[in-house]
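Observations on chain architecture
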Amino acid sequence: MAGAGISTDAGIPDFRSPGTGLYDNLQKFNLPHPEAIFSIDYFRRNPKPFYVLAKELYPGQYVPTQSHFFVKLLEQKGLLLRHYTQNIDCLERTAGIDPELIVEAHGSFHTAHCIGRKCRQEYSQAWVKEHIFRDEIPRCSSCDSLVKPDITFFGEGLPSRFFELLVEDFARCDLLIVMGTSLLVQPFASIIDHVGPHVPRLLINRMRVGESKAPGAGFDFDGRFGKSLHRDAFVAGDSDEACALFAGHLGWLDELVELRASHIAKQGLDLAK
Ligand code: CNA
């Protein structure tokens, strides 16, 4: 399970990191509150701030991080059951992870729809992108309502794929890795409790998050609710460093470094620039 923290080293700000997170840097939009930029009610009234931000963060301008390629490596080793991400930056797809193995729990820029209540016409990513980069608000050619990328805003339901795969996947999971998320957004945050009671859970994050307030609800790193249930571990720090550390212990470090390097070479990118 992943969140915005696995993409910060690619240069995409997360929401809640103090100082660098998006929520501390939205003053120019004059919003009633920071979450408004991703709220469906506010978007219907004033879509411009979202589209300005979408242009800045648009997928395709960033290189996946070591953390994304660690997940790709798990796939190559036949160890990845599924990658549940809250991210909308499409960097998992860019890293070459099989889309069948990805659940984009908060949607993505990959498709878009008219938000007219009766219309719901689908639009391609390319069509929406053209508008965004011309600083135009995309509007439906049939009903003139706003067209919005299929990312899940506050006030909207999660994609059906999330609920369809969740039950079976989490019942089959034998190690849950959670990286780069504050675990504050529901229902995503609570699914850590859907794995079996003895399945080890590893949190890799800059800070401890998602901790138990009651037995069986959240991480219990210190065994507060009984040593027999002590199956949670926390690695503090950057997810890229932690992924490199684990890859090293597993004897995969060269493969991990090579995966990212060959992606960069294939794309003809020069990261020194
Ligand atoms: P968040 O609430 O901003 O939390 C991010 C967490 O990651 C924090 O606890 C940070 O301490 C931690 N963190 C930041 N950088 C690193 C790093 N390099 N290594 C390890 N930990 C790090 O973001 P969440 O994902 O928890 O919140 C869910 C929202 C954020 C979803 O709805 C996303 O769509 C949304 N979002 C996505 C992106 C993206 O697609 N890249 C960017 C910003 C926000």
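A brief structural summary. (Residues numbered from 1 in each chain as written. Predicted model: local features only at pLDDT ≥ 70, side-chain atom pairs only at ≥ 80, totals over all residues. Heavy atoms only, no water.)

Counting secondary structure elements, the protein chain contains eight helices and eight strands. For 273 residues, the compact-globule estimate of 2.2 N^0.38 gives 19 Å, and the C-alpha radius of gyration of the protein chain, at 19 Å, lies within 12% of that figure. In the protein chain, which comprises 273 residues, the share counted as buried stands at 47%. Looking at the protein chain as shown, the accessible area adds up to about 13600 Å², and 53% of this sits on carbon and sulfur atoms. (Helix = DSSP H or I, 4+ residues; strand = E, 2+ residues; numbered from the N terminus. Rg over C-alpha atoms; globule rule 2.2 N^0.38 Å. Buried < 20%, exposed > 50% of the residue type's maximum accessible area, 1.4 Å probe, protein only. Areas by Shrake-Rupley, 256 points an atom, 1.4 Å probe, with all protein chains shown as cover.)

Let us now look at the side chain of Asp169. Here Asp169 shows up in helix 6 (residues 160-172). Residue classification places Asp169 among the buried positions, given a relative accessible area of 3%. Excluding residues that lie within four positions of it along the chain, Asp169 makes contacts with Leu81, Arg82 and Tyr84. (Contact = heavy atoms within 4.5 Å.)

Looking at the secondary structure, you find Pro49 in helix 2 (residues 48-57). Take Pro49: its relative accessible area is 5%, and that puts it in the buried class. Remark: the alpha-carbon pair of Pro49 and Ile37, spanning 12 residues in sequence, is separated by 6.4 Å. Apart from residues lying up to four places away in sequence, Pro49 is in contact with Phe29, Leu31, Ile37 and Tyr42.

What follows deals with the sheet that holds strand 8 (residues 232-236). Spatially, the three strands line up as an open sheet ordered 6-7-8, and their pairing is parallel. The open sheet terminates on both sides in strands that have one partner only, identified here as strand 6 (176-179) and strand 8. On average, each strand axis in the sheet is inclined to that of its neighbour by 15°, with strand direction left out of account. With five bridges connecting them, strand 7 (residues 201-205) and strand 8 associate as parallel partners. From the neighbouring strand, Asn205 faces strand 8, where its bridge partner is Ala236. (Pairing = 2+ DSSP bridges. Axes fitted to C-alpha atoms, helices over the stretch in contact; angles between N-to-C directions.)

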